[in-house]
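Coordinates in review
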Amino acid sequence: MTALVGLALLLVFAIFATLMFLERISTLLALPLMATLFLAIALAADCWIGTPPPPTSQAAENKPLELPSFDDYLRARETTRAAIAARVERLETLTSTIERNSDPSAISGSLSAALLTARNAGNEFESVPNFFARPPHVSGYRASVEERLKQLDIVPLIESLSAIDFQNETFAKAELEKIAQRARMAITSAQPPAASRLAAIRDYFAGYFELLLRGGSLTLYATIIATIFGGMFAVYVKNLGIAERVIYWTAEFAGERPFVIASAVFVVTTTIFTSVGGLGTVIMIGSIVLPVLRSVGLSPVVGAGVLLIGIAAGGTLNPVSRRLWLDFYGLSPEQLDPLLWTMLLIYALLGFGWIAWGARGGLLSSFDSEATAKSPPRESIGVALLLAPVIPVALVYFARMEEISAFVVSIAYMFLCACRRPGAVRVLTRSMIEGAQTVMPPVLLMIGIGMLVTSLATPPVQSYLRPLVESAAPQGRWGYILLFGLAAPLALYRGPLNVWGMGLAVSATLLATTPLPPAAVLGALLAAGMIQGISDPTNTANVWVAGYSGITTAQLLRFTIVPVWIAAIVAVIVFGVWYVP
Amino acid sequence: MAFDVQSIFQQIENARISLRVRAAPLVLPGRRLFGAWDPLLRQIDIFGCNRDRSDRDLVRTLLHELSHARTGRRDESEARRAAEDQLDQSTPHDIGAIASRLREMSE
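Each value, and the rule that gives it
- Residues numbered from 1 in each chain as written.
- Chains lettered and ligands numbered in written order.
- Predicted model: local features only at pLDDT ≥ 70, side-chain atom pairs only at ≥ 80, totals over all residues.
- Heavy atoms only, no water.
- Helix = DSSP H or I, 4+ residues; strand = E, 2+ residues; numbered from the N terminus.
- Buried < 20%, exposed > 50% of the residue type's maximum accessible area, 1.4 Å probe, protein only.
- Contact = heavy atoms within 4.5 Å.
- Areas by Shrake-Rupley, 256 points an atom, 1.4 Å probe, with all protein chains shown as cover.
- Lys, Arg positive; Asp, Glu negative; His and termini not counted.
- Charge placed at Lys NZ, Arg CZ, Asp CG, Glu CD.
- Patch = residues over 30% accessible without salt bridge, like charges linked within 9 Å, V, L, I, M, F, W, Y side chains within 5 Å.
- Salt bridge = Lys/Arg side-chain N within 4 Å of Asp/Glu carboxyl O.
- Axes fitted to C-alpha atoms, helices over the stretch in contact; angles between N-to-C directions.
- Parallel < 35°, antiparallel > 145°, perpendicular 65-115°, else oblique.
- Nonpolar A, V, L, I, M, F, W, Y, C, P; charged D, E, K, R; others polar.
- Buried area = accessible area lost by both parts, 1.4 Å probe.
- Polar contact = N/O pair within 3.5 Å; in protein donor to acceptor, adjacent residues only side chain to side chain.
- Pairing = 2+ DSSP bridges.
- Disulfide = S-S within 2.5 Å.

Some details on the overall build of chain B
Along the backbone of chain B there are four helices and four strands. Traced from its N-terminal end to its C-terminal end, chain B shows the element sequence α-β-β-β-β-α-α-α. Across its three principal directions, the C-alpha atoms of chain B cover 35 × 30 × 25 Å. Counting across all 107 residues of chain B, residues that qualify as buried make up 48%. In chain B, of all internal contacts separated by at least 6 residues, the share reaching a separation of at least 24 is 64%. Looking at chain B as shown, the accessible area adds up to about 5200 Å², and 47% of this sits on carbon and sulfur atoms. Considering chain B, the positive charge centre built from 17 side chains and the negative charge centre built from 17 side chains are found 5 Å apart.

Spelled out as structure tokens, the structure:
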């Protein structure tokens, strides 16, 4: 039965992957819907079919996970109820001794101690799994019971105890009984209510769906904020005309030699896209770069490739992506940065190899043309401002500044450089608003990714999915290299290894269910991402670049797939050797 | 070498060259393009066929690019000479017919 439920989950995965591949559903909608369906199916199976057997494989032994089930939840409810009932019982026992005891002040001391103890979660809570927990956003079942106990308002009761006049024994006993009665009522109010199985199922679903919707939406909050600041920075760079001027300057100084000019354009494009992104910037840069490359005889396919490899290479170091990898894979900067620099090196080798191939005499275009004057740049921009595109990357990678601060410092730097221009404040304000607007699609995607990751990490989904994924996951270095090297094109057409879609879901599953180190999983995804970033016909950048160059996205795919796939295999081999034992 | 409408388009087809014709000239930094031969895509692009270009100019551009395709060399003066030689051997009727065909193909 466990296998059947697992297969149902994989079927949901396959259906959504197909729908995304066929572009029948947007990734923005598909990811949260998939997360919801995964959770609903697993919870229903958990409640009505029963607990799946614990995993016993090598992978499970390497990465033991507590996977508490619905039955454990029922037991947890009983345990917490019993623990609180014991506190009430202790108070009742004390109350019953009030009448018989001749020393009410001694009872008062015991009562005071019992009240103080009642607030603290005792040892009996330690064995209770904290269901639905995602601190600090969703406290979870056990934590909420503990919180209710901590919030018991016992200070007035203890003050009342100390105010009792013990000279008058009868009055003191009556007061003690009243206080004990109030204390019992207060503690009882912290007790989870007794519930039928159906009510417990309702609470179980509600708890997990609160975790999915709230905890999931907030999972990547740091990345989301970094993305918003990154968007503001990118639009400000665009609105100040910095990137445009850098490209003109490069084209002007690189002369007419195809290899030199293409290499210069590649380096500058990579540099610019380390900090900026989005289709608007691609269009802005592409509409300058592509004619320059065409004018020196590069085929439109080669020119488009130079631009797309540069964009993908720059994106590797993008601080926003870096923040996502840090948060999502739980890597430290010391672990992540060498991996990203290695990717950049592989992209550089690919880019220069591509240019060397495309700039050979035999592949250069011949023209029937007449000379015209070169159009001058729009306005002059100081050298200080021209450095702006590299500042966030320099701050993040070399000054070890975190991403949001790096973007804020860079924006402030650009404003100081441009503040004497007319309307400088207006341009800054407009850029901030436009920047926040332009990153809304990736922000929504990140919310969906957070939900999917949360759903996949819940014990019910893990219990059913883990055995199946374990059986398909690569075992050892060569399995890793073979699987991810050959499967890299599955990143195309929004496929299962797409970095910004199903790939993260696959990663989350692999991280949670296999002994592969997070760096190896990320490395495999980034390697596949090379094919997606450069060759994928469903990329909006590819669609624009192909259309502007007068070629088709299919031609672009046909010419780039082999060299990019080879580069991806090289990356997988490097990461396999480094990270997989 | 004299040629006619049928033979020139047949040559292009036999050589598996794709021919695309654009109405507007392609303006690049420092130059205005009327024709381009791309050996990688095996494609000839003709630009500006509806913009003040005579039939003779249009056919010259096609012959120019075909010369590149045939020889595989990027020597512009050689291609220009080859195109002029072929034009001189052709009748105004053939030139007009080829130009009309090109204008019909324009995207």
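Still more ground to cover, so stick around.
Considering unusual backbone geometry
Residue and element names in this part refer to chain A. Cis geometry marks the peptide bond from P135 to P136; its omega dihedral reads 0°. If you trace the backbone, P136 turns up in the loop between α5 (104-119) and α6 (141-150). Of note in this structure, R400 is not a glycine but carries a positive phi near 55°. In this structure, R400 sits in the loop between α18 (391-397) and α19 (403-418). Residue class for R400 comes out partly exposed when judged on its relative accessible area of 47%.

Description of a nonpolar patch on the surface
Residue and element names in this part refer to chain A. A cluster of nonpolar side chains, M1, L4, L7, L10, W48, I49 and L198, forms an exposed patch at the surface whose accessible area comes to about 780 Å². By residue number, the principal contributor to the nonpolar patch is helix α1 (residues 2-21), which donates three residues. Residue L7 is classed as partly exposed on the basis of its relative accessible area, which comes to 47%.

A few points about the packing of helix α4 (residues 70-100) of chain A against helix α9 (residues 197-218) of chain A
All names here are of chain A. Relative orientation of the contacting elements α4 and α9 amounts to 105°, with a least axis distance of 11 Å. Here α9 runs roughly perpendicular to α4, going by the angle between their axes. Of the residues in α9, those in contact with F70, D71, Y73, L74 and R77 of α4 are R197, A200, I201, D203 and Y204. The residue inventory of the contact of α4 with α9, partitioned by class, reads six nonpolar, no polar and four charged.

Looking at the interface of chain B and chain A
Taken together, the contacts link 26 residues of chain B with 28 residues of chain A. Of all residues in chain B, the largest losses of buried area upon contact with chain A belong to R31, L40 and R74 of chain B, amounting jointly to 29% of the total for that side. Here chain B and chain A share one salt bridge between them. Two residues, E370 of chain A and R32 of chain B, come together in a salt bridge whose shortest N-O distance is 2.6 Å. For the interface between chain B and chain A, the tally reads 11 residue pairs in polar contact (both at pLDDT 80 or more). When residues in the side of chain B that touches chain A are grouped by element, the largest group, eight residues, is from strand β3 (residues 31-38) of chain B. For the side of chain B that touches chain A, the per-class residue count stands at nine nonpolar, six polar and 11 charged. Pairing between strand β1 (residues 366-371) of chain A and β3 of chain B: six bridges, direction antiparallel.

Some words on the state of the cysteines
Within this structure, the stated rule accounts for zero disulfides over all chains. Left without a disulfide partner, C417 of chain A is nearest to the cysteine sulfur of C419 of chain A, which lies 8.3 Å away.

Regarding the side chain of T560 of chain A
Residue and element names in this part refer to chain A. Looking at the secondary structure, you find T560 in helix α27 (residues 553-579). A relative accessible area of 1% means that T560 is categorised as buried. Among the polar contacts made by the side chain of T560, one reaches the side chain of S535 at a distance of 2.8 Å. In this structure the side chain of T560 is engaged in a polar contact, spanning 2.6 Å, whose partner is the backbone oxygen of L556. Apart from the residues within four sequence positions on either side, T560 is in contact with W354, I534 and S535.

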